[in-house]
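# Structural description and commentary
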Amino acid sequence: MYRFVLTTLALCCASLLHAAGMERWGASGDWTILIDPEKGNGCLAWKPFANDMTVEIGAAPNQAGGFFAAFNPAWVQIEDGATGIIKFDFGDAKFEGEAVGVFKNGVPGGYAFFDNPAFVTEFGKRQSVTIIGESGAEVELDLSGSAKAIEAVLECQAEQLEPLKN
């Protein structure tokens, strides 16, 4: 039953992402790999989690870096454009930076840009991460399969950068 609900949620949300102008490139386990023209054809990994939360991690070539974003309809306190500090706790590795409140298809969330490749390395090699918002609210994410998803994002991104062939 749980798998059916996640599959249904993934199909519904994938169609919303497609409607938002993203193109499906492929999949890696539970992660869907997408191309976002708004980020300079940046590739990203997208995954639904429990409690209607979705997560994106990917490349933002138009900003020369990457991003992490999370969305959840229950996060009604988020204001579009508001900024705050977000922390990522991988255990013995910690990162923090600014997050911006954003809405995607009417769903509130947060977007954090990064230009530190060590963040992606930690995200891919760890089994979980605790994300702590400025209010102190915490959410723990299971990162199973994230290493292969990051590899797929990098492969997708390499294809976007290849010169056009005649």
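### As for the overall build of the chain
- Scanning the chain from terminus to terminus reveals three helices and 10 strands.
- Along the chain, helices and strands appear, N-terminal first, in the series α-β-β-β-β-β-β-β-β-α-β-β-α.
- By sequence separation, contacts in the chain at least 24 residues apart represent 47% of the contacts at least 6 residues apart.
- Within the structure as shown, the chain displays about 9,300 Å² of accessible surface, and the carbon and sulfur contribution to it stands at 56%.

### Some remarks on the nonpolar core
- Within the largest apolar cluster, 30 residues are counted, with the highest numbers of intra-cluster contacts made by Phe68, Phe88, Phe90, Phe119, Phe123 and Leu141.
- In terms of residue count, helix 3 (residues 146–161) provides more of this core than any other element does, five residues in total.
- Non-local contacts of Leu141, meaning those with residues more than four positions away in its chain, are made with Phe49, Met53, Val55, Phe68, Gln127, Ser128, Val129 and Ile131.
- If you look at the next biggest cluster of nonpolar residues, it comprises nine residues, including Leu34, Trp46, Ala60 and Tyr111.

### Regarding the packing of aromatic side chains
- Counted according to the given criterion, the structure contains 11 aromatic pairs.
- Note on Phe68 and Phe88: the rings are 5.1 Å apart at their centroids and 80° apart in plane angle, and the pair reads as edge-to-face. You can see Phe68 sitting in strand 5 (residues 65–71) and its partner Phe88 sitting in strand 6 (residues 83–89), a full 20 residues away along the chain. Across the pair, Phe88 and Phe68 agree in class, each one buried.
- Every member of this aromatic cluster is reached through a ring pair, and the members are Trp31, Phe49, Phe68, Phe88, Phe90, Phe95, Phe114, Phe119 and Phe123.
- A cation over an aromatic ring shows up here: Lys39 above the ring of Phe67, its NZ or CZ 4.6 Å from the ring centre.

### Quick word on helix 2 (residues 117–125)
- Of all the positions in helix 2, only Phe119, Glu122, Phe123 and Gly124 are classed as buried.
- The N-capping residue of helix 2, defined by a side-chain oxygen 2.9 Å from the backbone nitrogen of Ala118, is Asn116.

### Remarks on the side chain of Thr130
- By secondary structure assignment, the location of Thr130 is in strand 9 (residues 128–132).
- Aside from chain neighbours lying at most four places away, what touches Thr130 is Lys87, Phe88, Asp89, Glu138, Val139 and Glu140.

### Remarks on helix 3
- A rise of 1.5 Å per residue sets the reference length of helix 3, with its 16 residues, at 22 Å; its end C-alpha atoms lie 22 Å apart and thus fit the reference within 8%.
- If you check which residues of helix 3 are buried, you get Ser146, Ala149, Ile150, Ala152, Val153, Cys156 and Gln157. The buried residues of helix 3 occupy one face: seen down the axis, they fall within an arc of 160°. What points out from helix 3, more than 90 degrees from its buried face, is the exposed set Lys148, Glu151 and Leu154.
- Lining the buried residues of helix 3 we find strand 1 (23–28), strand 2 (31–36), strand 3 (42–48), strand 4 (54–60) and helix 2.

### Focus on the sheet that holds strand 5
- Taken in spatial order, the 10 strands make up an open sheet running 1-2-3-4-5-8-7-6-9-10, and their pairing is antiparallel. This sheet does not close on itself; its edge strands, each paired only once, are strand 1 and strand 10 (138–142). On average, each strand axis in the sheet is inclined to that of its neighbour by 25°, with strand direction left out of account.
- In this structure, strand 9 lies alongside strand 10, joined through five bridges in antiparallel fashion. By the bridge assignment for strand 10, Val129 is matched with Leu141.
- Most of the contacts of helix 2 go to strand 7 (residues 94–104), to which it runs at about 85°, and overall it touches strand 2, strand 4, strand 5, strand 6, strand 7 and strand 8 (107–114).

Rules used in this analysis
- Residues numbered from 1 in each chain as written.
- Predicted model: local features only at pLDDT ≥ 70, side-chain atom pairs only at ≥ 80, totals over all residues.
- Heavy atoms only, no water.
- Helix = DSSP H or I, 4+ residues; strand = E, 2+ residues; numbered from the N terminus.
- Contact = heavy atoms within 4.5 Å.
- Areas by Shrake-Rupley, 256 points an atom, 1.4 Å probe, with all protein chains shown as cover.
- Core = buried A, V, L, I, M, F, W, Y, C linked by side-chain atoms within 4.5 Å.
- Buried < 20%, exposed > 50% of the residue type's maximum accessible area, 1.4 Å probe, protein only.
- Phe/Tyr/Trp six-rings, centres within 6.5 Å; stacked < 30°, edge-to-face > 60°.
- Lys NZ or Arg CZ within 6 Å of the ring centre and 35° of its normal.
- Polar contact = N/O pair within 3.5 Å; in protein donor to acceptor, adjacent residues only side chain to side chain.
- Expected span 1.5 Å × (residues − 1).
- Arc of directions from axis to C-beta.
- Pairing = 2+ DSSP bridges.
- Axes fitted to C-alpha atoms, helices over the stretch in contact; angles between N-to-C directions.

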